[in-house]
Each structure stands twice: as structure tokens, then as C-alpha cells.
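# Structural features, examined
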Amino acid sequence: QGGDGSGGGYAFYSQAMNQRALHRLGIETGLRRAIAHDELLLLYQPKLDLLSGAIVGAEALLRWQHPAQGLILPAEFIPVAEETGLVVRVGEWVLEAACAQARQWQQAGIAPLRISINVSAREFTSALPERVRDMLARYGLAAHWLELEITESMLMHGVDNIIGIMDQISAMGVALSLDDFGTGYSSLSYLKRFPIDSLKIDRSFIMGIPDDGNDCAIAGTIISIARQLKHKVIAEGVENREQLAFLRKAGCDEMQGYLFSQPVMAIEFENMLREGRRLAL
Ligand code: C2E
Ligand code: MG
Ligand code: MG
Ligand code: MG
């Protein structure tokens, strides 16, 4: 099965499978330990308002500070965590850490600010609304300071059920954002059916601005659709002033990207806020 019928093909195939399984097991075991031993951390990337240049939000981005391997990026462990289901535990940790941080910033009297977290499809179960509600209550946070970023691809699985869960979360006042918009198997009908507040234009469309006419057209169209549907629109991965100028002119509401800042440690983010750092427009 799976091989080309020759013994060698099969051996190769099963060996590759073993390696994959081992790799996955290693990550899974490591990740369990990481949760227990506090090896996970959140970095924060500022979201900037394109009219004022002010920092209006933060996207929490997960990192794994591995004792031997150093800092590991989510691309290396989130897919495995999704496959094994461990992403639910990881997601609980992320939700709590982000709420704790939001609370701390509010108590410190630093400008109130919306924190966005990324949520995987596997986390999107009927238990999620309750978990979010509990966490907001535990940290005394108003719901509108929290935003969940979800990717379009997750909307493909059991769409009806997901709409119900999204409705419950949205009814609490938590914002919902469609991440990486335009990639995957997007359907414009999703925009009509899902109770979302904002769209994030995927970085792959921002990259080619202003030279690539297709990227400009796609980004411009997404902005225009979002505005007509009364959704907020945000560009991710903005790296230069030409992109910034294009997006402002096209009517994009917010942006995040290396042009202003990479994801940074909470303390560094706090310093930016205290200094009133803003995007030069
Ligand atoms: P995403 O949600 O689309 O996040 C944006 C990614 O682009 C982040 O990568 C960010 O560091 C990077 N980025 C931001 N601005 C720029 C820029 O100007 N240039 C370039 N080249 N990159 C930029 P990161 O932190 O490695 O995260 C990758 C993905 O991992 C995220 O994509 C998200 O899908 C997932 N992820 C991150 N944290 C979590 C989490 O807590 N839970 C779950 N389930 N997924 C997460
Ligand atoms: Mg995101
Ligand atoms: Mg994104
Ligand atoms: Mg992305």
C-alpha cells in the first residue's frame, strides 16, 4: 500500500512515515512539557490606525522558547498541534496569557487597546464561547478589548456549526477577524454569512505593491468590498512606505508590519505605548 509495488518503494515509504511520526511525537511531547513548564510566550505586534498613525491594537503571536533549541516559530509546531488536537490546550494557554496581559496593561493605566489572538479550526468547538466568557470574567475584561483572528480555511469545515459558535462569540461583544483573507478557498458568500467585524488582507497581496498590478488590484478590491460590507479592513505584512501610501489612498483602516515594528516582547510593546510612538504618516 502506498509504495510502487517494489519492496524498496515500500521500505522508503514506511521509513518516511516513521520519521514523520517520530517528528510529530517529539513535538507533541515537547509541547506538553512546554505548557507545563512555562516555555510558551506571546510576542505582540502593533496594529496602527491609518488615519492617526496611533497604535490601536496588538496581535499576540505565539513563540516556544525551547530550552535546547531556542526560539521556535509557530509554523514549526502549530500544524502538529492541530493534527494531534493539542492545539486546544495551547489555545487555552494563549487566551489566558493574552487576557492577563490586557488586564495588566489596563491596570497600569496604559491606553486601552484591543488584543487579537489567533484561533485554529480545531479550537473552534462548542466549548469555545464559554471558555472565552470565563476568561474575560476572570480577568475583568470588557469583551470588546478581545478579538479572535480566524483563517478562512477553517470556515470550510462544518460551516453551519461554525456560524453558530461565531454568533455566540460575536454576541458577547468579542470581535472576529478573517485572517489571511484572499488565500485558501475563499468564497465571497462567506462574507455575507459570517458575523465578522474585519478582514485582514494576506501579506502575499501586500508584498507586490506598488509594482505588481495584480496585487494592487486584489488589495484594492478587498478594501473596497470590506468597506461596502461595513467591515473594517487591515493589511498585514506592510514593509515599506510605498505600500503604506497605496493602502491609505485605497481607504484601508489599519495596518501591521515590519515598517513600524516586528512582533516584540510585552515590555517593549509597553514602552512603545508609554512613549506614544506612532506611525509617521
Ligand atoms: P498570521 O496570524 O497571519 O500572523 C502574521 C505573521 O506574519 C506573523 O508570523 C508575523 O510575525 C508575520 N509578519 C508580520 N509583519 C510582517 C512583515 O512586515 N513582514 C513579514 N515577512 N512578516 C510579517 P508568525 O508570528 O511566525 O506567525 C505565523 C502564523 O502562525 C500566524 O500567521 C498564525 O496563523 C499562526 N499563529 C501565531 N500565533 C498563534 C497562536 O497563538 N495560535 C494559533 N493557533 N496560531 C498562531
Ligand atoms: Mg493573525
Ligand atoms: Mg494573518
Ligand atoms: Mg498570514
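Preceding block: the structure.
Summary of the structure given here. Since this is a predicted model, take the numbers as computed values, not measurements.

## Here's the deal with the overall build of the chain
- Of the regular secondary structure elements, the chain holds 10 helices and 9 strands.
- C-alpha atoms of the chain, sized along the principal axes, occupy 65 × 45 × 40 Å.
- A buried classification covers 48% of the 281 residues belonging to the chain.
- When the accessible surface of the chain is summed, it comes to about 13,700 Å², and 52% of that surface belongs to carbon and sulfur atoms.

## Details of the pairing of strand β5 (residues 146-151)
- Counting buried positions over the 6 residues of β5 gives 5, a clear majority of the element.
- Pairing between strand β4 (residues 114-119) and β5: 5 bridges, direction parallel. Paired with N118 across the strands is E149, a residue of β5.
- In this view, the connection linking β4 to its parallel neighbour β5 by way of helix α4 (residues 128-138) has right-handed handedness.
- Across 5 bridges, the pairing between β5 and strand β6 (residues 175-181) is parallel. Note that in β6 the partner of L148 across the bridge is L176.

## Notes on the coordination of the magnesium ion (ligand 3)
- Within the first shell, the magnesium ion (ligand 3) binds the protein through D179 (OD), D180 (OD) and E236 (OE), at distances of 1.9 to 2.5 Å.
- Ordering the donors of the magnesium ion (ligand 3) by residue number gives the pattern D-D-x55-E.

## Here we look at the pattern of salt bridges
- Inspection of the entire model under this criterion finds 17 salt bridges.
- Taking the shortest distance from any N to any O, the salt bridge between R89 and E92 comes out at 3.0 Å. A residue pair is termed a helical-turn pair when its members lie 3 or 4 positions apart in one helix, as R89 and E92 do in helix α3 (residues 87-107) at 3 residues.
- For E92, a relative accessible area of 25% gives the class partly exposed.
- R227 is the partner of D253 in a salt bridge, and the nearest nitrogen-oxygen pair spans 3.5 Å. Of this pair, D253 sits in the loop between α9 (241-250) and β9 (254-256) while R227 sits in helix α8 (residues 213-228), and the two are 26 residues apart along the sequence.
- Using a relative accessible area of 44% as the deciding quantity, one classes R227 as partly exposed.

Reading the values: rules and limits
Residues numbered from 1 in each chain as written. Chains lettered and ligands numbered in written order. Predicted model: local features only at pLDDT ≥ 70, side-chain atom pairs only at ≥ 80, totals over all residues. Heavy atoms only, no water. Helix = DSSP H or I, 4+ residues; strand = E, 2+ residues; numbered from the N terminus. Buried < 20%, exposed > 50% of the residue type's maximum accessible area, 1.4 Å probe, protein only. Areas by Shrake-Rupley, 256 points an atom, 1.4 Å probe, with all protein chains shown as cover. Pairing = 2+ DSSP bridges. Right-handed = clockwise from strand over helix to strand, strands pointing away. Donors = N, O, S within 2.8 Å, 3.2 Å for Na, K, Ca; no water. Salt bridge = Lys/Arg side-chain N within 4 Å of Asp/Glu carboxyl O.

Just geometry here; none of it tells us what the structure is for.
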